Amino acid sequence: MAVVPEAVPGVVPYEPTAPVPAPPAPGKLIFGLAFAQFGVMLSLLTPVMVTLALRVEQIVPKGDRGSALGQVLSLGAILALIGNPVFGSLSDRTRGRFGRRRPWLVLGMTVGLVGLVVVAVGGSVPVLMLGWTLAQLGGNAALSAAAASVPDLVPERQRGKVSGVIGMMTSVAMIAGTVMANAFQGTLALAFIVPGLFGLAGTVYLAVVIKDRPAAPGAFAPYGMREFLRSFWVSPRLHPDFAWNFAGRFLVFVGISCVTSYQVYFLEDRLGYSDSEVSGKVVLGTIAMVVTVVAGSLLGGTLSDRSGRRKPYVLVAACVLGAGLLLVALAQSFAVFLLAMAVFGFGQGLYLSVDVALAAAVLPNPEESAKDLGVLNIGNALPQSLVPILAPGLLAIGGGENYGALFLFGGVACVLGALAVQFIRSVK
């Protein structure tokens, strides 16, 4: 029989204390994450959306522009796909007085800026491919370090809000990029270089404000071929939630890539706008999209943090994205195109508001957050490579320029991506 000790007068019995919650992330950190995301995505998305297509048109005949653009985008996306997890793994294990994120933020974006300068001044498709390769590798090195700062430094209860802010900055970068492309039509080189300078400024600011630390001695095996190959792999058997999140992200970004990569040619081929008119039309479409992206990001991030739930917002977001893509597929006028972009933007905002929070919740190992987020980023980057490969076949259905088939394909992919996320067990 257990003996219960008598209470001692004047002595408060010991009670185990609850874990002290992590302090909220300071405003300067959130601003730094937003600024870095804005700058790097401005430098990478502006070419994907507008300026690379226009640059290719300056170099090759009109009949060859589709295949040439596909070559440049595909090679850059494949190398970005490889670079993100590799640079993430190297960032996780970096030792030195500057920490493990700062060097990759600053040096990565410096290389990215050099690549954009090469694209701006290059006079052939192979030179464009070289420059875009450097831009993608450098930019994705910086992005991998910035993304890892969220699970490193932002507590769980704020991740929906921070995810929404980061997602919103991606969309703001899209509109800023299209405005710059329109403003610099007479000097297209500046439409590559100025976004790169913003990217470098954002990553330098984040490097200054983060509380970085070097990797612990002996925490990682020596980096060799085995560790290189391991940079691209997280076992679906051991970490099924991570695998389902990867599948969902990949499919949703297939749908998103259908719009971001081919809206310039859609406006020219189906709606009949000239080369001189299309940049302005892309600006208007992006404005319509970004307004609703901001609304969706703020609404989704706030409600997701309050409810503690992520999966329902992914489901609703992907269905809205699918509806937006259906509207684009049916659009025969610029007014319907604008409506479609607004619907598409709201769905994208809802998705981006919980994307980072969902990713952080299913990471297998906090000490390898940059590597694992790099693996997840393959789900973003691979569609940028695959969609330009698949698009010519879809566009050729029925005699050519079948944008309806392309965008319907993207809508179906978004819905399937939402269904994949519902199989995650560790997140509500």
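Here the structure is a predicted model, which is why all the values come from computation and not from measurement.

Draft legend 1. View of the overall build of the protein chain. In terms of regular secondary structure, the protein chain is built from 13 helices and zero strands. For the protein chain, the sequential pattern of α-helices and β-strands runs α-α-α-α-α-α-α-α-α-α-α-α-α. In terms of overall dimensions, the protein chain is globule-like: its C-alpha atoms have a radius of gyration of 23 Å, near the 22 Å expected for 428 residues. With the principal axes as the frame, the protein chain shows a C-alpha extent of 90 × 45 × 40 Å. Burial status across the protein chain gives 55% buried among its 428 residues. Split by element, the accessible area of the protein chain, about 17,700 Å² in all, is 70% carbon and sulfur. Looking at charge distribution, the protein chain has the averaged site of its 28 positive side-chain charges lying 5 Å from that of its 20 negative ones.

Draft legend 2. Examining helix 5 (residues 159-183) more closely. Its 25 residues place the ends of helix 5 35 Å apart at the C-alpha level, agreeing with the 36 Å of an ideal helix rising 1.5 Å per residue. Within helix 5, 20 of the 25 residues are buried, which leaves it mostly tucked inside the rest of the structure.

Draft legend 3. Representation of the packing of aromatic side chains. Scanning the model with the defined rule gives 14 aromatic pairs in all. Ring geometry for Y403 and F407: centres 6.3 Å apart, planes at 25°, overall stacked. Separated by four residues within a single helix, Y403 and F407 lie in helix 13 (residues 403-421), roughly one turn from each other. By relative accessible area, which is 3% here, Y403 ends up buried. When its relative accessible area of 1% is taken as the criterion, F407 is described as buried. Every member of this aromatic cluster is reached through a ring pair, and the members are F266, Y273, F334, F337, Y403 and F407. Across from the ring centre of F334, 4.8 Å away, lies the NZ or CZ of K281, which sits over that ring.

Draft legend 4. Focus on the packing of helix 8 (residues 240-269) against helix 9 (residues 275-307). Running from amino to carboxyl end, helix 8 crosses helix 9 at an angle of 125°, the nearest separation of the two axes being 10 Å. Comparing their axes, helix 9 and helix 8 come out oblique. Crossing of helix 8 over helix 9 shows right-handed handedness. Between helix 8 and helix 9, the residues in contact are Q263, V264, L267 and E268 and D275, V278, K281 and V282, respectively. For the contact of helix 8 with helix 9, a count of residues per class yields four nonpolar, one polar and three charged.

Draft legend 5. Seen up close, the side chain of T46. Summarising the element assignment, T46 is placed in helix 1 (residues 27-59). Excluding anything up to four places from it in sequence, T46 contacts M41, T51, G177, A191 and P195.

Draft legend 6. Structural context of the nonpolar core. Grouped together as the largest cluster of nonpolar side chains are 113 residues, with contacts concentrated most on W132, L206, F266, L267, L406 and F407. Residue contributions to this core peak at 18 residues, all from helix 1. Once residues within four sequence positions are removed from consideration, W132 is found in contact with S43, L44, P47, V48, L52, V72, L73, G76, L116 and V119.

Draft legend 7. Focus on the state of the cysteines. Enumeration over the complete set of coordinates arrives at zero disulfides. Not engaged in a disulfide, the cysteine C319 finds its nearest cysteine sulfur in C414; these two sulfurs lie 9.5 Å apart. Judged by its relative accessible area of 41%, C319 is partly exposed.

Draft legend 8. Quick look at the pattern of salt bridges. Counted by the stated rule, this structure contains three salt bridges. For the salt bridge of R101 with D92, the shortest nitrogen-to-oxygen distance reads 3.0 Å. One exposure class covers both R101 and D92, and it is buried. Where R100 meets D152, a salt bridge forms, and the shortest distance between an N and an O atom there is 3.8 Å. Remark: D152 occurs in helix 4 (residues 125-153) and R100 occurs in the loop between helix 2 (65-92) and helix 3 (102-121); sequence separation between them is 52 residues.

Draft legend 9. The arrangement of the confidence of the model for the protein chain in detail. In the predicted model, the protein chain carries a mean pLDDT of 82, and 93% of its residues have values of at least 70. Low pLDDT, under 50, characterises residues 1-20; the stretch is placed with zero contacts to residues that sit more than four places away or in other chains.

Draft legend 10. Representation of the environment of A215 in the model. Note on placement: A215 falls in the loop between helix 6 (190-209) and helix 7 (225-230). In this structure, the C-alpha to C-alpha distance between A215 and L190, residues 25 residues apart in sequence, is 38 Å. The contact partners of A215, leaving out residues within four places of it in the chain, are D92, R93, T94, R95, R100 and F220.

Draft legend 11. Molecular detail of helix 8. In this model, helix 8 (30 residues) spans 43 Å end to end at C-alpha, consistent with the 44 Å of a helix rising 1.5 Å per residue. The sharpest bend along helix 8 reaches about 60° and sits at Y262. Of all the 30 residues making up helix 8, 23 are buried; the element is thus mostly covered by neighbouring parts of the structure.

Draft legend 12. A look at a nonpolar patch on the surface. Together, L315, V412, V415, L416 and L419 make up an exposed nonpolar region whose accessible area comes to about 390 Å². The dominant element in the nonpolar patch, judged by the number of residues it contributes, is helix 13, at four residues. Position of V415 relative to the elements: it lies in helix 13.

Draft legend 13. Inspection of the packing of helix 1 against helix 9 at higher detail. Two numbers describe how helix 1 lies on helix 9: the axes approach to 11 Å, and their chain directions differ by 170°. In terms of their interaxial angle, helix 1 and helix 9 are classed as roughly antiparallel. Here M49, V50, L54 and E57 of helix 1 lie close against helix 9, whose contacting residues are D275, S279, V282 and T286.

Draft legend 14. Structural context of the environment of A36. Looking at where A36 falls in the secondary structure, it is placed in helix 1. Measuring from C-alpha to C-alpha, the distance between A36 and L105 comes to 8.8 Å, with 69 residues separating the pair along the chain. Beyond its immediate sequence surroundings of up to four residues, A36 is in contact with G202, T203 and L206.

Rules used throughout
- Residues numbered from 1 in each chain as written.
- Predicted model: local features only at pLDDT ≥ 70, side-chain atom pairs only at ≥ 80, totals over all residues.
- Heavy atoms only, no water.
- Helix = DSSP H or I, 4+ residues; strand = E, 2+ residues; numbered from the N terminus.
- Rg over C-alpha atoms; globule rule 2.2 N^0.38 Å.
- Buried < 20%, exposed > 50% of the residue type's maximum accessible area, 1.4 Å probe, protein only.
- Areas by Shrake-Rupley, 256 points an atom, 1.4 Å probe, with all protein chains shown as cover.
- Lys, Arg positive; Asp, Glu negative; His and termini not counted.
- Charge placed at Lys NZ, Arg CZ, Asp CG, Glu CD.
- Expected span 1.5 Å × (residues − 1).
- Phe/Tyr/Trp six-rings, centres within 6.5 Å; stacked < 30°, edge-to-face > 60°.
- Lys NZ or Arg CZ within 6 Å of the ring centre and 35° of its normal.
- Axes fitted to C-alpha atoms, helices over the stretch in contact; angles between N-to-C directions.
- Parallel < 35°, antiparallel > 145°, perpendicular 65-115°, else oblique.
- Left-handed = near helix turned anticlockwise from the far one by under 90°.
- Contact = heavy atoms within 4.5 Å.
- Nonpolar A, V, L, I, M, F, W, Y, C, P; charged D, E, K, R; others polar.
- Core = buried A, V, L, I, M, F, W, Y, C linked by side-chain atoms within 4.5 Å.
- Disulfide = S-S within 2.5 Å.
- Salt bridge = Lys/Arg side-chain N within 4 Å of Asp/Glu carboxyl O.
- pLDDT = per-residue confidence, 0-100.
- Bend = angle between axes of the 7 residues up to and from the residue.
- Patch = residues over 30% accessible without salt bridge, like charges linked within 9 Å, V, L, I, M, F, W, Y side chains within 5 Å.

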